[in-house]
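Structure at a glance
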Amino acid sequence: MLMKTGLSGTDVKIGSIALHNLQKRYGSATAVDDVSLSISPGEFISLLGPSGSGKTTTLMMIAGFEMPDNGQVLLDDRDITRLPPHRRELGVIFQNYALFPHMTVAENVAYPLRMRRLPKAEVEERVRRVLDQVHLGALASRYPHQMSGGQQQRVAIARALVFDPPVLLLDEPLGALDKKLREHLRNEIKTLHKEVGKTMVYVTHDQDEALAMSDRVAVMHEGRIRQVSAPQDIYRRPADLFVASFVGDVNLIPATLRSGVAHGAAGERLPAAPWTDADRDATLCVRPEHLRLDMTAADNSGGIQGRIVNMTFVGDATILEFRSDSGLQLKSKMLNIAVGTMPQIGSACVASWAASDATILTE
Ligand SMILES: Nc1ncnc2c1ncn2[C@@H]1O[C@H](COP(=O)(O)OP(=O)(O)OP(=O)(O)O)[C@@H](O)[C@H]1O
Ligand SMILES: [Mg+2]
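Residues numbered from 1 in each chain as written. Chains lettered and ligands numbered in written order. Predicted model: local features only at pLDDT ≥ 70, side-chain atom pairs only at ≥ 80, totals over all residues. Heavy atoms only, no water.

Focus on the nonpolar core
Our working definition: Definition of nonpolar core: a set of buried residues of the types Ala, Val, Leu, Ile, Met, Phe, Trp, Tyr and Cys, connected through side-chain atoms within 4.5 Å. When a residue's accessible area, from a 1.4 Å probe over protein chains only, is under 20% of the maximum for its type it is buried; when over 50% it is exposed; and in between it is partly exposed. A helix here means a DSSP run of H or I that spans at least four residues, while a strand means a run of E at least two residues long, and both kinds are numbered starting from the N terminus. Note on contacts: a residue pair qualifies if any of its non-hydrogen atoms lie within 4.5 Å across the two residues.
One finds V109, V127 and I189 to be the most contacted residues of the largest nonpolar core, which totals 34 residues. Of all the secondary-structure elements, those providing two or more residues to this core are α2 (105-115), α3 (120-133), α4 (149-161), β9 (167-171), α5 (179-196) and β10 (199-204). For this core, the leading source of residues is α4, giving six residues. Look past the residues within four positions of V109 in its chain and what remains in contact with it is V127, V130, L131, V155, A158, R159 and V162. L22, V35, V167 and M220 belong to the second largest nonpolar core, which has 25 residues in total.

Some remarks on α5
Every α-helix winds through 3.6 residues per turn, so residues three or four apart in the chain are directed the same way. Defined as follows: Helices are assigned an expected span. That span is 1.5 Å times one less than the residue count. Throughout this description, a polar contact denotes any pair of N or O atoms lying within 3.5 Å of each other; where both atoms belong to protein, one of them has to be capable of donating a hydrogen while the other can accept it, and for residues adjacent in sequence the pair is counted only when both atoms sit in side chains.
Taking 1.5 Å per residue as the helical rise, α5 with its 18 residues ought to reach 26 Å, and the 25 Å between its terminal C-alpha atoms agrees with that figure. Looking only at α5, the buried set comprises R182, L185, R186, E188, I189, K190, L192, H193 and V196. The elements touched by buried residues of α5 are β5 (44-48), α3, α4, β10 and α6 (207-213). A distance of 3.3 Å separates the backbone nitrogen of K180 from a side-chain oxygen at the start of α5, and that oxygen is part of D178.

As for the site of ligand 1
Convention followed: Whether a residue is near a molecule or strand depends on its heavy atoms: it is near if one of them lies within 4 Å of it. In this classification, Asp, Glu, Lys and Arg are treated as charged, Ala, Val, Leu, Ile, Met, Phe, Trp, Tyr, Cys and Pro as nonpolar, and every other residue, Gly included, as polar.
Residues in close proximity to ligand 1 include Y26, A31, P50, S51, G52, S53, G54, K55, T56, T57 and E172, which together make up its full environment. Within the backbone of S53, an N or O atom sits 3.1 Å from an oxygen atom of ligand 1. The backbone of G54 places a nitrogen or oxygen atom 3.0 Å from an oxygen atom of ligand 1. A per-class count over the shell around ligand 1 returns three nonpolar, six polar and two charged.

Quick word on the packing of aromatic side chains
Just so we agree on the cut-off: Think of it this way: a Phe, Tyr or Trp ring, Trp meaning its six-membered ring, pairs with another when their centres are within 6.5 Å, and the plane angle makes it stacked under 30 degrees, edge-to-face over 60, tilted otherwise.
Per the stated rule, a full pass over the model turns up four aromatic pairs. Taking the centre distance of 5.6 Å and the plane angle of 40° together, the rings of F44 and Y202 count as tilted. Within this pair, whereas F44 is found in strand β5, its partner Y202 is found in strand β10, the two being separated by 158 residues in sequence. Each member of the pair, F44 together with Y202, is buried.

Structural notes on empty space enclosed by the protein
Note the following rule: Computed over the protein atoms alone on a 1 Å grid, cavities are sets of points where a 1.4 Å probe fits but cannot get out and pockets are open sets with protein on both sides within 12 Å along at least five of seven lines; a residue lines them when it has an atom within 4 Å of a point. Grid points are joined across faces, edges and corners, and a volume is the space filled by probe spheres set on the points. Start and end positions for the domains come from either an automated domain assignment or a database one.
The full count for this structure, using the stated rule, is one cavity of 30 Å³ or more. Of the pockets and cavities examined, the largest cavity occupies roughly 80 Å³. Forming the walls of the largest cavity are Y235, R236, R237, P238, V250, C285, V286, R287, H290, S356, D357 and T359. Put simply, the parts of the chain that give the lining of the largest cavity at least two residues each are α7 (231-236) and β16 (280-286). The residue makeup of the lining of the largest cavity, split by class, is five nonpolar, three polar and four charged. Counting contributing residues per domain, the lining of the largest cavity is built from domain 1 (13-242) and domain 2 (249-361), each supplying no fewer than three.

Structure, rendered in structure tokens:
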């Protein structure tokens, strides 16, 4: 985590960002709608959402390339809403690298320092250090067109790091790369985050990437933040139907909550935590890996009667499709380690799950 010496002589953490009620309209369309978010110094936070959900617009308002119609951006408690980008001192990495094609790697990385008129010796020293950090020391005199996409992206990261900003803003930095390289670079970025201790705001529409990299994930939809939580909580305790369906595969099971108990379409009892509020309709969210399909109902903890209608082998697991007697389609994911117990298509069975694995949504 980055520190600076405060007025009282003690070290204070730097790199906190606060967004207060940010709003951005383009004509009659609202791209970002009342977004508030507090980001701690040194935190890795992702903005995750589908195309058009307002991720880039939010990031560009933090960077200063877009002005909000309403709301404030604070950096370490300082209002920077109206400050031009170059005076915010934030490192920005765009999806398409935006390297200067006529400059070598070293010249590209030196550019922000030359703009700041640093002495030549210091520029060289800093460029060397940051290129080593991203494992590009040997390629300093190459031009961008002589490098792979992954290498170019590392140059862009080096260029954003070189002037030592407290915060890095990354907009889908791995979007143009193939899957293997994405996974490799996401680990590198994560390692870099640990090493440099900077606050990172990472935009992506890839849920795996967001879950794997982040301290917290902010899920966006139609210009709004729907949930901000640790990856485990986003996955295990989605706040609403959008988050439940966007992040990971999920079974959505219509239920009625009556006298503290969840009931399915045929009146059967469904496993769920006891409901203490008034009776109402709800949806139970159960992840496929938590859905069990048993040939015999083991106990009276509840479940749905039906049969297996399809099975798909997906390598590490088999996806079993289940249709209830009332027509509800559910998916169960079974790891291929218990091969002997795999059921057959057409088998009658009971779908159930642990009460603690069902999230009750009542929106
Ligand atoms: N300059 C602009 N003029 C008009 N509309 C815009 C402009 N920039 C963005 N928008 C609109 O604002 C909304 C949010 O766009 P934004 O680029 O923030 O989405 P995003 O979440 O980054 O999407 P993607 O994953 O496709 O990059 C979209 O509906 C988009 O069409
Ligand atoms: Mg975008």
